[in-house]
Amino acid sequence: MTRGVRRLGIPQPDHELWYADFEGVIKEGYGAGVVKIWDKGEFKLVEYEEGKKIIFHCMGSRLKGRYAMINIGRGWLLFKIT
């Protein structure tokens, strides 16, 4: 949400579409804990280089503005541009 802050996203297997609305407790295994929906909204794709870079504009209830995701090999670095 703040320029200059970088977050690392580690790729995960695809989930079923119904997970988009899931909130609750995962009791066992990897990812165990409380799941809450943090933000919802739409985005507009601005630039896309497959496997390298994605730039998009967020129009969520919390995330607003232009963001970039850059592939750094072990995952994707997410940061706010404007």
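Calculation criteria
- Residues numbered from 1 in each chain as written.
- Predicted model: local features only at pLDDT ≥ 70, side-chain atom pairs only at ≥ 80, totals over all residues.
- Heavy atoms only, no water.
- Helix = DSSP H or I, 4+ residues; strand = E, 2+ residues; numbered from the N terminus.
- Buried < 20%, exposed > 50% of the residue type's maximum accessible area, 1.4 Å probe, protein only.
- Pairing = 2+ DSSP bridges.
- Phe/Tyr/Trp six-rings, centres within 6.5 Å; stacked < 30°, edge-to-face > 60°.
- Lys NZ or Arg CZ within 6 Å of the ring centre and 35° of its normal.
- Patch = residues over 30% accessible without salt bridge, like charges linked within 9 Å, V, L, I, M, F, W, Y side chains within 5 Å.
- Areas by Shrake-Rupley, 256 points an atom, 1.4 Å probe, with all protein chains shown as cover.
- Salt bridge = Lys/Arg side-chain N within 4 Å of Asp/Glu carboxyl O.

> Break down the overall build of the chain for me, citing the residues and quoting the values.
Tallying secondary structure elements over the chain gives 0 helices and 7 strands in all. Along the chain, helices and strands appear, N-terminal first, in the series β-β-β-β-β-β-β. Viewed in the frame of its principal axes, the chain has a C-alpha envelope of about 35 × 30 × 25 Å. Taken across its 82 residues, the chain has 16% of its residues classed as buried.

> Explain the pairing of strand 6 (residues 64–71) to me, and be specific about the residues and the numbers.
Two strands pair when backbone bridges link them, and strand 5 (residues 53–60) and strand 6 are joined in this way by 7 bridges, in the antiparallel orientation. Of the residues in strand 6, the one forming a bridge with H57 is R66. With antiparallel pairing between neighbouring strands as the criterion, strand 5 and strand 6 make up a hairpin whose turn holds 3 residues. Pairing analysis gives 5 bridges linking strand 6 to strand 7 (residues 76–80), with the strands arranged antiparallel. In the strand pairing of strand 7, N71 is matched with W76. In sequence, strand 6 turns back onto strand 7 through a hairpin of 4 residues, with G73 there showing a positive phi of about 95 degrees.

> Describe the packing of aromatic side chains, listing the residues and the values that go with them.
Tallying each qualifying case throughout the model produces 5 aromatic pairs. Taking the centre distance of 6.4 Å and the plane angle of 55 degrees together, the rings of Y19 and F22 count as tilted. Note on F22: relative accessible area 24%, which makes it partly exposed. Taken together, the ring pairs connect W18, Y19 and F22 into an aromatic cluster. A cation sits over an aromatic face here: R6 above F79, 5.2 Å from the ring centre.

> Lay out a nonpolar patch on the surface in plain terms, naming residues and giving numbers.
A surface patch of nonpolar side chains, amounting to about 250 Å² of accessible area, comprises L8, I10 and I72. On the accessibility criterion, L8 (39% relative accessible area) is partly exposed.

> Quick one: what's the story with the pattern of salt bridges, residue by residue and with numbers?
For the coordinates displayed, the defined rule picks out 3 salt bridges. Here D21 ties to K40 by a salt bridge, and the two come within 2.5 Å at their closest N and O atoms. You can see D21 sitting in the loop between strand 1 (6–9) and strand 2 (24–26) and its partner K40 sitting in the loop between strand 3 (33–35) and strand 4 (41–49), a full 19 residues away along the chain. In this structure, the salt-bridge partner of K53 is E47, at a minimum N-O distance of 2.8 Å. Owing to a relative accessible area of 22%, K53 belongs among the partly exposed residues under this scheme. Each member of the salt-bridge network shares a partner with another, and the members are E47, E49 and K53.

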